[in-house]
Amino acid sequence: MSKKHSPAYLRGLVDAVAEFEAALREFLTMHEPNTLARGILPAVYRREGVADAEYATSQRRVEIASGRAGAAVAITGTRYEVQGMGVVDPVAAWSTILGPKPVLEPENILSACGQMLGRLEVHIAEAEANAVPTVSAEAMHPLVWGAARAMWRDGHYRQAVAGAAEALVGQLKARTGRNGIAETALWQETFSERPPEIGKPRMRWPGDPTDRTVRSMNEGLRSITAGVQMTIRNAAAHETEQWTLVEASERLAVLSLIARWLETCVIEEV
């Protein structure tokens, strides 16, 4: 999906069209409608007693708002067919209501705003249905993102992942109270199926150990945690080539998931 058709961009256009409509309605309160020779004389006349500064400020507000809302015309296809003029952009032609032989009447422009808002709602619904889900690095587990943030924002993605992996194993050491052991072995022993020993606590997924899901989580954690240490942490620490944003994002997401699982696990001690 192109940026200009993203849900966020379309919502911005909704705000822009609504702002233009509100500014135009306010500006029109400073005028009297023309009831004679419509289509020949200006569509509206300035009311007597309206201060010059107030009038100029209001008109300027409409001009700026029309510029912001202009892109909505092309996206929604909201235009008028005017005899002798062809296809007319109702937003760009708003100022013609002030001059002789106006291309459109104020009612036409306000009606066009309503049509654009309705069509933009449809476009937003379609864009949201077709949007690819995205998760930013900032949404990762605080432990992981906190350790990766500085390097990540400088574009050093591999080093950022390495820092996050170190923080994760540091958290494991803090919870188990074990420091004098190699990291891969620590993961393997911590999630071992053997009962805890003195000085060797275990981590378990909470719940009945005979439950199928609990048993599956414990077996899976035993494999994935040591595997992540070898495939992500060791690679990040020992490789010299830089990683792409996608490569690093995939690995950071795995570390974030492990960090959330660790929070859920409970410690078993002798």
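Located above this text is the structure these notes cover.
Per chain, the residues get numbers from 1 upward, laid out in the order the sequence is written. Given that this is a predicted model, residues contribute local features only at a pLDDT of at least 70 and side-chain atom pairs are listed and counted only at 80 or more, while totals for whole chains, interfaces and linings are drawn from all residues. As a rule here, side-chain values cover all heavy atoms of the structure and leave hydrogens and water aside.

## Focus: the packing of aromatic side chains
- Pairing of aromatic side chains here covers Phe, Tyr and the six-membered ring of Trp, requires ring centres within 6.5 Å, and sorts the geometry by plane angle: under 30 degrees stacked, over 60 edge-to-face, intermediate tilted. Tallied over the entire structure, the rule returns five aromatic pairs.
- Taking the centre distance of 6.3 Å and the plane angle of 75 degrees together, the rings of Trp145 and Trp152 count as edge-to-face. Note on accessibility: Trp145 and Trp152 belong to one class, buried.
- When the ring of Trp187 is compared with that of Phe191, the centres are 6.4 Å apart and the planes differ by 10 degrees; the resulting orientation is stacked. With respect to burial, Trp187 and Phe191 carry one shared label: buried.
- Of the aromatic side chains, those joined through ring pairs into one cluster are Phe27, Tyr55 and Trp94.
- In this arrangement the basic side chain of Arg46 is found over the ring face of Tyr55, its NZ or CZ atom lying 4.4 Å from the centre. In this scheme, a residue with accessible area under 20% of its type's maximum is buried, one over 50% is exposed, and one in between is partly exposed, where area comes from a 1.4 Å probe on protein chains only. Counted as over-ring charges are cases with an Arg CZ or a Lys NZ within 6 Å of the ring centre that also lie within 35 degrees of the ring normal.

## Re the pattern of salt bridges
- One side-chain nitrogen of Lys or Arg within 4 Å of one carboxyl oxygen of Asp or Glu is enough to make a salt bridge. Throughout the structure, instances matching the rule amount to 12 salt bridges.
- With its nearest N and O atoms 2.8 Å apart, the salt bridge here joins Arg178 to Glu189. A residue pair is termed long-range when its members are at least 10 positions apart, and Arg178 in the loop between helix H5 (157–176) and helix H6 (183–190) and Glu189 in helix H6 qualify at 11 residues. Numbering of helices and strands runs from the N terminus, with a helix taken as a DSSP run of H or I at least four residues long and a strand as a DSSP run of E at least two residues long.

## Considerations on unusual backbone geometry
- In this structure, Lys101 takes a positive phi of about 50 degrees despite not being glycine.
- Looking at the secondary structure, you find Lys101 in the loop between strand S4 (86–88) and helix H3 (106–130).
- The exposure class of Lys101 is exposed, given its relative accessible area of 63%.

## A short note on the side chain of Glu21
- Among the secondary structure elements, Glu21 is positioned in helix H1 (residues 7–28).
- Working rule for contacts: check all heavy atoms of both residues, and any pair within 4.5 Å makes them a contact. Look past the residues within four positions of Glu21 in its chain and what remains in contact with it is Leu110, Cys113 and Leu117.

## So, the packing of helix H7 (residues 212–238) against helix H8 (residues 245–264)
- Contact geometry of H7 with H8 gives a least axis separation of 11 Å together with a crossing angle of 140 degrees. It follows from the interaxial angle that H7 and H8 lie oblique. Considering only the axes of H7 and H8, their crossing is left-handed. Across from Met217, Leu221, Ile224, Thr225, Val228 and Ile232 in H7, the residues of H8 making contact are Arg251, Val254, Leu255, Ile258 and Trp261.
- Three classes are used: nonpolar for Ala, Val, Leu, Ile, Met, Phe, Trp, Tyr, Cys and Pro, charged for Asp, Glu, Lys and Arg, and polar for all others, with Gly counted as polar. Within the contact of H7 with H8, the residues separate by chemical class into nine nonpolar, one polar and one charged. Here the axes come from fitting lines to C-alpha atoms, over the contacting stretch only for helices, and the angles between their N-to-C directions go from 0 to 180 degrees. Angular relationships are summarised with four words: roughly parallel below 35 degrees, roughly antiparallel beyond 145, roughly perpendicular across 65 to 115, and oblique for the angles in between. Helix crossings are classified by the rotation of the near helix relative to the far one: an anticlockwise turn of less than a right angle makes the crossing left-handed, while a clockwise turn makes it right-handed.

Any link to function would need more than the numbers given here.
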